[in-house]
Amino acid sequence: MAFANRRAPLLLGRLSGPLAARRGVCAPAMAPPRRFALELPDCTLAHFALGADHPGHTDAPDARPDPRLAVLLGPPGRSYSLCVALGPDAGCRARVRGARLHQRLLHQLRRGPFQRCQLRRLLCYCPGGQAGGAQHGFLLRDPSDGPDTRCALLGLLGTCQEAPRPLLGEFEADPQGQLWQRLWAVQDGKRLQVGCARVLPAPEPPLHPVVPDLPSTVVFPDREAARAVLEECTPFIPEAREVLDLVDQCPKQVQRGKFPVIAIEGLDATGKTTVTQSISDLLNAVLLKSPPSCIGQWRKIFDDEPTIIRRAFYSLGNYIVASEIAKESTKSPVIIDRYWHSTATYAIATEVSGGVPHLPPAGHPVYQWPGDLLRPDLVLLLTVGPEERARRLRGRGVEKTREEAELEANSVFRQKVEVSYRRMENPGCHVVDASPSREEVLRKVLSLIQNNCKHVPGAPSC
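In this text the structure is predicted, and so the values were computed from the model without any measurement. Every chain is numbered independently, its residues counted from 1 as its sequence is written. Totals for whole chains, interfaces and linings use every residue, but because this is a predicted model, local features are given only for residues with pLDDT of at least 70 and side-chain atom pairs only at 80 or more, for both listing and counting. The side-chain quantities take in all heavy atoms of the structure and omit both hydrogens and water.

A.B. asks: Looking at this model, I keep getting lost on the overall build of the protein. Mind explaining?
C.D. replies: Secondary structure elements are taken from DSSP: a helix is a run of H or I of four residues or more, a strand is a run of E of two residues or more, and numbering for both begins at the N terminus. A count of helical and extended segments in the protein gives 17 helices and 13 strands. Throughout, exposure labels follow a simple rule: accessible area from a 1.4 Å probe, protein chains only, divided by the maximum for the residue type, with under 20% read as buried, over 50% as exposed, and the rest as partly exposed. By the burial criterion, 52% of the 462 residues in the protein qualify as buried. Each accessible area is a Shrake-Rupley estimate made with a 1.4 Å probe; only the visible protein chains count as cover when residues are assessed. Accessible area for the protein stands at about 20100 Å²; split by element, carbon and sulfur atoms hold 52% of it.

A.B. asks: For this particular structure, what's the right way to read the sheet that holds strand β2 (residues 45–50)?
C.D. replies: In a beta sheet, neighbouring strands are held together by backbone hydrogen bonds and run either parallel or antiparallel to one another. In this analysis, strands are considered paired if DSSP registers two or more bridges between them. With antiparallel pairing, the 8 strands of this closed barrel are ordered in space as β1-β2-β8-β7-β6-β3-β5-β4. Between one strand axis and the next, the sheet turns by 30 degrees as a mean value, whatever way the strands run. Under this scheme, a helix contributes an axis fitted over its contacting stretch, all axes are lines through C-alpha atoms, and angles between N-to-C directions fall in the 0 to 180 degree range.

A.B. asks: What should I look at first to understand the pairing of strand β9 (residues 261–266) in this one?
C.D. replies: Within a regular strand, side chains alternate between the sheet's two faces. The element β9 is extensively covered by neighbouring structure, given that 6 of its 6 residues are classed as buried. Side-chain alternation along β9 places Val261, Ala263 and Glu265 on one buried face and Ile262, Ile264 and Gly266 on a second face that is also buried. The pairing of β9 with strand β11 (residues 334–337) spans 4 bridges and is parallel. From the neighbouring strand, Ile264 faces β11, where its bridge partner is Asp337. Relative to strand β12 (residues 378–383), β9 runs parallel, the two being bridged by 5 bridges. Among the inter-strand pairings, Gly266 is bridged to a residue of β12, identified as Leu382.

A.B. asks: What exactly am I supposed to notice about helix α5 (residues 149–158) here?
C.D. replies: Within α5, burial applies to Thr149, Arg150, Leu153, Leu154, Leu156 and Leu157. Taken around the axis of α5, the buried residues stretch over an arc of 155 degrees, which confines them to a single face. Any two residues having at least one pair of non-hydrogen atoms within 4.5 Å are treated as being in contact. Those residues of α5 that are buried lie in contact with β3 (78–84), α4 (92–108), β5 (135–142), β6 (166–173), β7 (179–187) and β8 (190–201). Comment: arc refers to directions from the helix axis out to C-beta atoms.

A.B. asks: Help me understand helix α7 (residues 223–233) in this model?
C.D. replies: In an α-helix, one turn spans 3.6 residues, which is why side chains three or four residues apart end up on the same side. Of the positions making up α7, those classed as buried are Arg223, Ala226, Arg227, Val229, Leu230 and Cys233. Along the axis of α7, the buried residues cluster in a sector spanning 155 degrees; they form a single face. Check the buried side of α7 and you find it contacts α4, α8 (238–248), α11 (299–303) and α12 (307–328). Nitrogen and oxygen atoms within 3.5 Å of one another constitute a polar contact, given that in protein one can donate a hydrogen and the other can accept it, and given that sequence-neighbouring residues count only through two side-chain atoms. Of the residues flanking the start of α7, the one acting as N-cap is Asp222, its side-chain oxygen 3.3 Å from the backbone nitrogen of Glu224.

A.B. asks: What is the right way to look at the pattern of salt bridges in this model?
C.D. replies: Pairing between side chains becomes possible if they bear opposite charge and their charged atoms approach one another. Put simply, a salt bridge is a Lys or Arg side-chain nitrogen that is within 4 Å of an Asp or Glu carboxyl oxygen. Throughout the structure, instances matching the rule amount to 19 salt bridges. A salt bridge links Arg100 to Glu305; the nearest nitrogen and oxygen atoms lie 3.4 Å apart. Residue Arg100 is found in helix α4, and its partner Glu305 is found in the loop between α11 and α12; the two are separated by 205 residues along the sequence. With a relative accessible area of 33%, Arg100 lands in the partly exposed category. We classify Glu305 as buried; its relative accessible area is 11%. Here the salt bridges do not stand alone but share partners, grouping Arg78, Asp145, Arg150, Glu170, Glu172 and Arg182 into one network.

A.B. asks: Got a minute to help me understand the side chain of Ser81 in this structure?
C.D. replies: On the secondary structure map, Ser81 appears in strand β3. The exposure class assigned to Ser81 is buried, which follows from its relative accessible area of 3%. In this view, Ser81 contacts Leu122, Phe138, Leu139, Leu167, Leu168, Gly169, Phe171 and Gln181; residues no more than four positions away in its chain are not counted.

A.B. asks: When you look at the sheet that holds β11 in this model, what are you seeing that I'm missing?
C.D. replies: The 5 strands lie next to each other as β10-β11-β9-β12-β13, forming an open sheet whose pairing is parallel. Each edge of the sheet is formed by a strand with only one pairing partner; in this case those strands are β10 (286–289) and β13 (430–433). For this sheet, the mean angle separating the axes of adjacent strands, direction not counted, is 25 degrees. Running over the sheet, helix α9 (residues 272–282) touches β9, β10, β11 and β12 and is turned about 170 degrees from β11.

Here is the structure:
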């Protein structure tokens, strides 16, 4: 298909006959009403809608989107949206495939002709707050409006042959300054314009649009939800089958013994290793870690996968640890170095774009402990100031996971993790300032354990 001159006026209104007939190419993906949430440089979100999908504003000549969007969507320069098209009823297999495609696109958009462009997170969603409608994507802005950027994007689109397939939007401004989006697809090797819609204002929803999808994508409410994700991964991650086999060997319902179970949480370099080891020695307790050693050998493999797969791996690790807790707590106290709270907080902070104000509010069900997972008697959250944590990290010299590197480089991400920790419920976290001396921190931790747990052996002074 031959393209018109990129500087020519944008086609407005109805598509011509041949193009209108082709709109069916991606009709299933375009059918639901569309809203978009764009993450801005200051970690706020700007919301906009397309065309007649925004009730009450379709024909209003002065209906203009957030003025901040004009800077990112309009001239000078040119912006493109790229979203992985998932329907609102997409099942687990489609979500896994969509997440892997999204990650592959991210890697490709950071290379080659796209390196000169600015890349931002973009979320496409359906209004109303229902689950299943969120689609992750990107906004790619070419400040120089280079002639080869669109060709490279359409070429990238052509390499995606399996469902779900991404949709490419191109933003332009008409002579009156109104913003429009043209939508492109590739069908049978042909590049087709399949849509044209005006960019219109949209209200910010009460909850971040991705929140309804968290239980099916990253904060799994039970063992079977996480298991279903890893089951879909077995064709391309052989280790997923080994993890599932270990999970299936664990009883679905376990009970802890009479001795206390204490989970110790915290960001890296807050002293978890020192505290967990010291407390387990002082109490003659068993020290466990999540993920457990039986699957820890595959941690790097799953850390390189998209969030939905990575979090399913860590979630199932918690259930394997739970069976170990049940057995060991009949004989002695159990100390756990990270447990479900870590899995959930990192998932929420990663999946929810924007800053702390966009997190689910305190009291939201996403912060509740899973009903089928063995609960600890006490959860301690170790904290230190960002400067002290950075100093400790510099002295460690160990390899970082993707999320650990993000914690160090991105203060907003770190704040979202910390706030999510503090919002966890049933059980919540007892916050412990880990900045003082080792002896003082251990005294505080021991005091909390002895005041909140039964059957704690007498511990020597620190």
